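Residues per chain are reported as follows:
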Amino acid sequence: MYPASLSKLMDELSRLPGIGPKSAQRIALFMVKRGPQDAQRLAEALLAAAANTKRCRECFSLSEEDLCGVCANAGRDHSVICVVEEPRDVLAFERGMSFRGLYHVLGGVISPMDGIGPEQLHLGELLNRLRGDTVKEVILATSSTIEGEATATYLAKLIAPAGVNISRLATGVPVGGDLDYVDEVTLSRALDGRYRVT
Amino acid sequence: MKAYADRAVVIRTWPLGESDRIVNLFTLSHGKLRAVAKGARGARSRISGLVQPTSELDLLLYQGRELDVIQQASLVQANMARGGVDPAQFGSAIEWLEAIDGLTLDRHPDPVVYDLMNRGLRMMFDEPSPTLLGALLIRLLEREGYAPNLSSCGLCGRTNAAYRAFDFSSSAPRCSGCGGEPIPPGVLDLTFEVLNHRVSGVLATHDPQIGREFEGFATRLVKEVVGRGLRSSAVMASLADNHRSSG
Ligand SMILES: [Zn+2]
Ligand SMILES: [Zn+2]
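Residues numbered from 1 in each chain as written. Chains lettered and ligands numbered in written order. Predicted model: local features only at pLDDT ≥ 70, side-chain atom pairs only at ≥ 80, totals over all residues.

Going by this rule: UniProt positions are given in the numbering used here, feature names are shortened, and annotations may be inferred rather than shown by experiment.
Per an unreviewed UniProt entry, chain A goes by the name Recombination protein RecR and belongs to Ferrimicrobium acidiphilum. A UniProt comment under Function (unreviewed entry) is attached to chain A, and it reads "May play a role in DNA repair. It seems to be involved in an RecBC-independent recombinational process of DNA repair. It may act with RecF and RecO."

The structure is reproduced here in structure tokens:
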């Protein structure tokens, strides 16, 4: 058996997503071997991140301030809101660097078997953001799973009375992919979402 | 390792590790089972678009040590797994699948349940009726041996009474003065019709209020058997409400 403090560390580590008992043991032994200075740095980073990260009060993305960097940036296009499921989706769009509008993080999708309905998502806050006439377009960028689709359809109906343009992120053939490798559902949706070239 | 082919409907999925999914399947020849869809969360996966709740697939699986692994999948019927899903239809379909999951045993193939499941999913899309889910649940309960006995009062044995109450723990109606929980008038008639295989008349009911009451009664019967309520039921109710109020 390992010493008590080492066992405790492994126990804590193994609760992290994607880390099983084997990985927890490897990481714990590595940290112990590296000594207290490295451990101190890691502990401080952990504490600081957990203490300082909160949700942006406008878009519910992650932020250290009341307003996140995107919402606070006057250079962004405040007339377009891209609605996503989770903060990690914001990061995915930001990595792409082609979207200049704002975001709204729902905090999930409608998932009946998990007991998650519209009430559990940040929908009222989204409707509040559509009051006034700043916002002209809402892009529904929930994932292309059945839950994401149902959530998008639900949102489209909910938002319609606000009178803004509503668009849905296109789904289809991955860039660089061979057509015969694409599944039937994806291909038929790519066909539904085709656009005119001439 | 042994490979086998089967046809299946996806009941639900959970993320597994970085890019895989665990898939709860109701298969035609092997009953309900869980399998792994490797890489199914990757954008370029051949099966990510297929492995979605409600879709019917032809599968090639191989036996793993704990879970079987999906090797190939091709689409038979997308059902709700397509664009522009109606939230209320989606909610009913998921509630239907959750009931099937709760009322059936692992690895007990039943072609009748398979067919009922599939016809139900298709009808939800093609010919929705407010009484459809209620009727499906009653048929499923009957198939699994949990049909309520409507012939007489469960306490005094009186027959042909106008029952206005029901005892859910013994799944039998009660006449006035014999206790039980009050139930909306009409739900027992609908249940009786379904149990006597006169479903088309039941589905011709277009009153959404009667549909909700019948569905509520049927999901309550399911809850009694499963031992807990269906999680989809509450979500389903709010989806249907919002659907109605927004037209
Ligand atoms: Zn923000
Ligand atoms: Zn009685």
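Once you've had a look at it, read on.
## Let's talk about the overall build of chain B
The line we're drawing: Strands are runs of DSSP state E lasting at least 2 residues, helices are runs of H or I lasting at least 4, and numbering of each runs from the N terminus. Only C-alpha atoms enter the radius of gyration; for comparison, a globular chain is expected to reach 2.2 Å times N to the power 0.38, where N is the number of residues. Counting other C-beta atoms within 10 Å of a residue's C-beta gives its exposure: the residue is buried at 20 or more, exposed at 12 or fewer, and partly exposed in between, where C-beta atoms are placed from the backbone. The contact rule is simple: place each C-beta atom from the backbone, and if two of them lie within 7 Å, those residues are in contact.
Scanning chain B from terminus to terminus reveals seven helices and eight strands. Its C-alpha atoms give chain B a radius of gyration of 20 Å, near enough to 18 Å, the size a compact globule of 247 residues would have. Along the longest, intermediate and shortest principal axes, the C-alpha atoms of chain B span 60 × 40 × 30 Å. With 247 residues in all, chain B has 42% of them scored as buried. Within chain B, counting contacts between residues at least 6 apart in sequence, those at least 24 apart form 57% of the total.

## Here we look at the overall build of chain A
From N to C terminus, chain A includes seven helices and six strands. Principal-axis analysis of the C-alpha atoms gives chain A an extent of 70 × 45 × 35 Å. Across the 198 residues that make up chain A, the buried fraction comes to 27%. When contacts within chain A are restricted to residue pairs at least 6 apart in sequence, long-range pairs at least 24 apart make up 46% of them.

## Points about the nonpolar core
For the record, the criterion: Connectivity within a nonpolar core runs through C-beta atoms within 7 Å, and the core itself is a set of buried Ala, Val, Leu, Ile, Met, Phe, Trp, Tyr and Cys residues. Domain ranges listed in this record stem from an automatic or a database domain assignment.
Counting residues in hydrophobic clusters, the biggest one holds 90 residues, and the most contacted among them are A:V83, A:Y103, B:I100 and B:L137. If you count residues domain by domain, this core takes at least three from each of domain 1 (3–77) and domain 2 (87–245) of chain B.

## Quick word on the sheet that holds strand β2 (residues 20–27) of chain B
Pairing between the strands of a sheet comes from backbone hydrogen bonds, and it takes one of two forms, parallel or antiparallel. Residues and elements named next belong to chain B. The line we're drawing: Strands are labelled as partners when DSSP assigns at least two bridges between them. To get an axis, fit a line to the C-alpha atoms, keeping to the stretch in contact for a helix; angles then go from 0 to 180 degrees between the N-to-C directions.
Overall, mixed pairing links the five strands, which are arranged β1-β2-β3-β5-β4 in a closed barrel. Looking at each pair of strands side by side, their axes are set apart by 50 degrees on average, direction ignored. The pairing of strand β3 (residues 31–37) with strand β5 (residues 68–77) spans two bridges and is classified as parallel. Looking at β5, one finds that A35 is bridged to D68.

## Overview of the interface of chain B and chain A
With 36 residues of chain B at the interface, the matching set in chain A holds 27 residues. Elements with a minimum of two residues in the side of chain B that touches chain A: α1 (87–103) and α7 (231–245) of chain B. At eight residues, α7(B) tops the list of elements feeding residues into the side of chain B that touches chain A.

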